[in-house]
Amino acid sequence: MTARTGKVICDITISADGCSAGTDQTEERPFGNDGGDGSGERLHGWMFDHPEENRAELERMGAAGAFVMGRNMFGPVRGAWDRPWNGWWGDSPPFHAPVFVLTHYEREPQPMDGGTTFHFVTDGIESALEQAHAAAGGADVLVLGGATTVNQYLAAGLIEELRLHIVPFTLGAGTRLFEGVPPMELEQVTSRAATSVTHLTYRVVS
């Protein structure tokens, strides 16, 4: 693997019962049955409703040198890329760095405004991480989600730090963090309660 200095960090928002999205996700309701209109507003409201209160967490997220996400987080298109789709975030996504999207179907890189370029990786999670490290230039790599993608990295022992943003409601069912992940030992690094979220950071011991 490429020599590096930055950490591999999972940064993900979940409900109190560990879900990053509800059941029955669709293009119209990308977060499925999420306790609201399916847009994830209730889960991710802490970012937009109280940005000043959560500035430190947002700045840490934005300081990454590269990102990794699953295809389901990138968008609802399945199978071959048979129609244009450049993510949920419009012409200028918030990443401002290379983003490596896990997929089974080849696609040319997609540059966007603001410094984001989506790269589509077809040869697995290790390859995506290696490419992200190379692109990050020594900075941290953030594995953003969804939970299914994060679980693959956790199960493979590739995550060094967990940054969890826990929102105080339960979904009951959905895409759940740690599903299928072997037992782990974690060391708590920081915890901070805010208006509508609790921020927890863990170091992965083993």
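This text goes with the structure placed above it.
Being a predicted model, the structure only gives us computed values, none of them experimental.

Student: Go over the pattern of salt bridges, please, and point to the residues and values.
Tutor: Opposite charge on two side chains permits them to pair, given that their charged atoms come into close proximity. For the coordinates displayed, the defined rule picks out 9 salt bridges. The residue Asp 11 makes a salt bridge to Arg 163 at a minimum N-O spacing of 4.0 Å. Taken as a pair, Asp 11 in strand 1 (residues 8–15) and Arg 163 in strand 8 (residues 161–167) lie far apart in primary sequence, 152 residues in all. According to the relative accessible area criterion, Asp 11 is buried, its value standing at 4%. Here Arg 163 falls in the buried class, since its relative accessible area comes to 6%. Ionic pairing is found between Arg 55 and Glu 59, a salt bridge with its closest N-O pair at 3.9 Å. Pair noted here: Arg 55 and Glu 59 are both in helix 2 (residues 55–62), with a separation of 4 residues, about one helical turn. Note on Arg 55: relative accessible area 38%, which makes it partly exposed. Because the salt bridges share partners, they merge into one network encompassing Lys 7, Asp 11, Glu 161 and Arg 163.

Student: Explain the packing of aromatic side chains residue by residue, including any values.
Tutor: A complete count under the given rule lists 9 aromatic pairs for this structure. On the numbers, 6.3 Å between centres and 75 degrees between planes, the contact of Phe 95 with Phe 118 is edge-to-face. Of this pair, Phe 95 sits in the loop between helix 3 (71–74) and strand 4 (98–102) while Phe 118 sits in strand 6 (residues 117–121), and the two are 23 residues apart along the sequence. Take Phe 95: its relative accessible area is 8%, and that puts it in the buried class. Look at Phe 118 and you get buried, because its relative accessible area is 0%. An aromatic cluster is built from Phe 67, Phe 74, Trp 81, Trp 89, Phe 95, Phe 118 and Phe 120, whose rings are joined through pairwise contacts. The aromatic ring of Phe 169 is capped on one face by Arg 42, whose charged end is 4.1 Å from the ring centroid. Positioned above the aromatic ring of Trp 81, the side-chain terminus of Arg 107 is 4.8 Å from the ring centre.

Student: Could you give an account of the side chain of Asn 151, with specific residues and numbers?
Tutor: As for its placement among the helices and strands, Asn 151 is situated in helix 5 (residues 147–155). Setting aside its immediate chain neighbours within four residues, Asn 151 contacts Arg 176, Leu 177, Phe 178, Glu 179 and Val 181.

Student: Help me get a handle on the side chain of His 165, residues and values and all.
Tutor: By the element assignment, His 165 lies in strand 8. Engagement of the side chain of His 165 in a polar contact is seen with the side chain of His 199, the distance being 2.8 Å. Filtering out sequence-adjacent residues up to four positions away, His 165 remains in contact with Asp 11, Ile 12, Thr 13, Ile 14, Trp 46, Glu 57, Met 61, Val 197, Thr 198 and His 199.

Here is what the cut-offs are and how they apply
Residues numbered from 1 in each chain as written. Predicted model: local features only at pLDDT ≥ 70, side-chain atom pairs only at ≥ 80, totals over all residues. Heavy atoms only, no water. Salt bridge = Lys/Arg side-chain N within 4 Å of Asp/Glu carboxyl O. Helix = DSSP H or I, 4+ residues; strand = E, 2+ residues; numbered from the N terminus. Buried < 20%, exposed > 50% of the residue type's maximum accessible area, 1.4 Å probe, protein only. Phe/Tyr/Trp six-rings, centres within 6.5 Å; stacked < 30°, edge-to-face > 60°. Lys NZ or Arg CZ within 6 Å of the ring centre and 35° of its normal. Contact = heavy atoms within 4.5 Å. Polar contact = N/O pair within 3.5 Å; in protein donor to acceptor, adjacent residues only side chain to side chain.

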